[in-house]
Amino acid sequence: MLEVFRSDTRAIEGLPVRLVVALVVGVASMSVMLNMLSGVQGLATSELDVKPSPDVVEPGERDLTFTVVDHEGNPVEGATVIVKSGTAELGDDGIPRAETDDGGTATISLDPDLAANREDGTLVVDVKPPAGSSFVDRRENTNILVVQG
C-alpha cells in the first residue's frame, strides 16, 4: 500500500504548508492595503464617558454639572446627557436632560429623593452621542449617589 503512495507522482508534497504560508502572506498584504485606505479609519468608534460633579449628593433640589469626554479625555460638544431614576427617585417633571456646550459640559437641575427607610440610592446617567459622529455609549456611566444627610 505504501508503494502506491510513493510511486504516485500526481500528488504535491507539502501542499498544506504552502497553503498556510500563502494564507498568512495574503492576510498580511490585505491588512497593509486596508491601512493605506483613508476611509477605513472612519469606521472606528470612540466610547463616551460622563463625569458628574458632584457625584454624591443629598436629597433636595440642586444643579449638577456633567462633563462628556471621549476615550482620550477630550470634551465632546453636542452630546445629550440624560438622568433617570435608579434606586433614588426623581420627580414627575419628565426626564431631565441637557446638551453639552463647546467645552463638553451640561448643567441639569435635579431634585432627587429617597424612598422611605432608605439611606442611599442612585440616579442613572446616560449620554446620547452627537448625531452623525463616530461616538458610542455602550458602557455604564458613573451613577450619582444620593445619600441621606
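These notes cover the structure that comes with them. Just so you know, these numbers come straight off a predicted model, no measurement behind them.

## Let's talk about the pairing of strand β10 (residues 144-147)
- Taking every second residue as pointing to the same face, the buried face of β10 carries Ile144 and Val146, while none of Leu145 and Val147 on the other face is buried.
- Pairing of strand β3 (residues 56-57) with β10 involves two bridges; the strand directions are parallel. Residue valine 56 lies in a different strand from β10, and its bridge partner there is leucine 145.
- Sheet analysis places strand β8 (residues 120-128) next to β10, joined by four bridges and oriented antiparallel. The residue bridging aspartate 120 from the neighbouring strand is valine 147, located in β10.

## Description of the pairing of β8
- A one-sided burial pattern is seen for β8, the buried positions being Gly121, Leu123, Val125 and Val127 and the unburied ones Asp120, Thr122, Val124, Asp126 and Lys128.
- Strand direction decides the pairing type here: strand β5 (residues 80-85) and β8, joined by six bridges, are antiparallel. Bridged to isoleucine 82 within β8 is aspartate 126.

## Some words on the sheet that holds strand β4 (residues 62-69)
- Strand order in the open sheet formed by three strands is β2-β4-β7, and the pairing between neighbours is antiparallel. The open sheet has two edge strands, β2 (49-53) and β7 (105-110), and neither has a second partner. Each strand of the sheet is rotated relative to its neighbour by a mean of 30°, with strand direction disregarded.
- Bridge analysis of β4 against β7 gives six bridges, and the strand direction is antiparallel. Along β7, the bridge assignment pairs aspartate 63 with serine 109.

Definitions and cut-offs
Residues numbered from 1 in each chain as written. Predicted model: local features only at pLDDT ≥ 70, side-chain atom pairs only at ≥ 80, totals over all residues. Heavy atoms only, no water. Buried < 20%, exposed > 50% of the residue type's maximum accessible area, 1.4 Å probe, protein only. Helix = DSSP H or I, 4+ residues; strand = E, 2+ residues; numbered from the N terminus. Pairing = 2+ DSSP bridges. Axes fitted to C-alpha atoms, helices over the stretch in contact; angles between N-to-C directions.

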